[in-house]
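Inside the fold
Here's the letter readout for the chains.
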Amino acid sequence: MDDNAPPVPASEAPRVSSLPADLAQVLSESERLAASQQLEAAERLLAGFPNELECVFRRGALLLGLSRWAEAEACFRAVLEKAPGHFDTAMGLAGALVEQGKAAEALPWLDAAAKASPDSGRVRYFRSVALDEVGRADEAAAEIGKARAMLIAPVERRNGIPWEVYVQVSRRCNLRCAMCGHETWQSNSGFIEAAVFDRVLAECGANGIHRITILSGQGEPLLHPDIFGLLDKAVNAGFEVHIVTNGTPLTPERCERLGKMGLAGIQFSFAGWDRESYESVYAGAKFERTLANLEALQRAVKGTKTDFFVKAVVAGDDWAEVSRRTRAFLQGRGIDKVFTMAANNFGGTVQTGRFDRRHGVWTLKSLEHQRRMPCRLFLAAVGVFCDGTVTACGCYDSNADLKIGHIMEQSLAEIRQGEPFRRILAAFASGDLADVPMCGKCDDPFG
């Protein structure tokens with residue numbers, strides 16, 4: 001146990017070593033690999049430079065991401081021997097210790113960090129976990145209360161105004177994906193009307209909201225009969241417009257048009273490496289056709305400002321292997337920007353993974369050393385359904401269980417300052433979401 005843990009500075013320290021020019025290329029390549037989720041390859045690259053503290057530190061961070069806690073601990077301790085005041089290294093060491101059940105060893109580092117950086121929500125959160133795990137429950141509760149308040153504070157400073165709006169232009173979806181909560185849908189029809197879409201744009205403009213994502217709750221946006229007209233209107237109005245699609249309604253002509261519209265981002269949903277692995281997840285889709293659409297769309301956006309990437313959400317106990325094979329297959333086809341993740345439980349509507357009794361949620365995540373925090377999406381955004389209903393959850397709330405207002409009857413400011421939203425916000429602040437639909441069963445707000 002490090003009873004005499006060194007003080008940790010309040011701000012991040014600069015690089016822990018001065019790197020020769022040839023190692024700059026190594027760091028750049030490791031960053032590229034990590035950004036494309038090739039963590040194992042990035043870790044192996046950095047492991048070849050055990051005497052360069054910057055490489056050792058970054059390798060430790062990668063090992064945390066790979067859940068190789070003991071190796072991460074060794075890396076961070078090696079750095080701290082020569083740079084004892086490096087903030088992020090001390091935090092990394094504390095995290096590695098907590099994950100190994102060594103909360104008592106982590107606390108001196110977290111105590112020092114809390115004294116030096118009292119306004120860090122990250123420090124408060126990890127310290128609360130460590131305090132809880134050593135049996136100091138009252139102190140842990142106070143600490144996590146501070147961490148939650150720090151996360152909520154920016155919302156209060158904006159008087160509740162969100163930073164982003166999710167817009168459901170189509171309630172209809174043409175697939176029944178394995179990781180999706182489609183079995184709970186009360187309806188599978190409806191498109192947004194021009195008046196509702198115009199109202200959304202007007203409210204975003206009036207409140208300084210620049211980012212609009214075309215997706216909310218459920219539905220495939222490209223099924224809307226005038227999807228290109230809606231996108232053109234939003235882009236021409238100066239908004240940063242993102243769209244999420246399963247790609248199945250595309251044609252070569254539509255790919256060309258979508259790629260040249262000036263969208264800020266296109267997220268293409270795809271997981272698998274052959275017909276069976278893909279179609280078993282995206283029920284109703286055709287592997288060869290969707291793959292052709294994916295490749296055509298990437299060609300169409302090449303050289304434009306549009307950020308195009310594939311997101312593979314994978315369910316099942318073998319999700320890590322499926323993710324790896326998906327990423328390898330797509331990168332072999334020239335799809336270079338691929339992000340994979342374990343499926344969440346869609347606000348408690350899907351029983352995925354195992355049931356975590358402590359937190360009362362189904363999950364593929366390991367929640368042993370995690371605690372519920374305010375949902376970042378809930379804080380940052382609202383969802384607007386095609387009929388104008390506004391939900392507090394732009395991602396999973398298909399049936400308006402979290403309705404907080406109506407865009408045709410209230411302003412966004414009134415909606416986010418209203419009682420329904422404030423009630424959910426207060427529940428997140430307290431950590432008690434037992435009476436909040438979906439949120440209390442969702443596995444997203446952890447960590």
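In case you missed it, the structure is sitting above this.
Note that this is a predicted model, so its numbers are computed, not measured.

This next bit is on the side chain of T389. Turning to its location among the elements, T389 is positioned in strand β12 (residues 389–391). Contacts of T389, omitting those with residues within four sequence positions, involve G383, V384, A400, K403, G405 and H406.

This part covers the packing of aromatic side chains. One pass over the full model with this rule turns up 13 aromatic pairs. Where F378 meets F428, the ring centres are 5.1 Å apart and the plane angle is 35°; that geometry is what we call tilted. Note that F378 is positioned in helix α15 (residues 376–380) and F428 in helix α17 (residues 419–430), a separation of 50 residues in sequence. Classification of F378 as buried rests on a relative accessible area of 3%. Members of the aromatic cluster, each reached through a chain of ring pairs, are F270, Y278, Y282, F287 and F329. One cation-aromatic arrangement involves R158 over W163; the distance from NZ or CZ to the ring centre is 4.6 Å.

Spatially, the 9 strands line up as an open sheet ordered β8-β7-β5-β4-β3-β1-β11-β12-β13, and their pairing is mixed. At either margin of the open sheet sits one strand with a lone partner, and together these are β8 (338–342) and β13 (403–406). Across this sheet, the average inter-strand angle for adjacent strands is 25°, counted without regard to direction. One ladder, built from 4 bridges, connects strand β1 (residues 164–167) with strand β11 (residues 381–384); its direction is parallel. Its bridge partner being in β11, Y166 is matched across the sheet by G383. Each of β1, β3 (211–214) and β11 is contacted by helix α9 (residues 194–206), which is oriented at about 175° to β1, the strand it contacts most. Contacts from helix α13 (residues 287–301) reach β5 (265–269) and β7 (307–314), with the element oriented near 165° to β5.

Rules and cut-offs
- Residues numbered from 1 in each chain as written.
- Predicted model: local features only at pLDDT ≥ 70, side-chain atom pairs only at ≥ 80, totals over all residues.
- Heavy atoms only, no water.
- Helix = DSSP H or I, 4+ residues; strand = E, 2+ residues; numbered from the N terminus.
- Contact = heavy atoms within 4.5 Å.
- Phe/Tyr/Trp six-rings, centres within 6.5 Å; stacked < 30°, edge-to-face > 60°.
- Buried < 20%, exposed > 50% of the residue type's maximum accessible area, 1.4 Å probe, protein only.
- Lys NZ or Arg CZ within 6 Å of the ring centre and 35° of its normal.
- Pairing = 2+ DSSP bridges.
- Axes fitted to C-alpha atoms, helices over the stretch in contact; angles between N-to-C directions.

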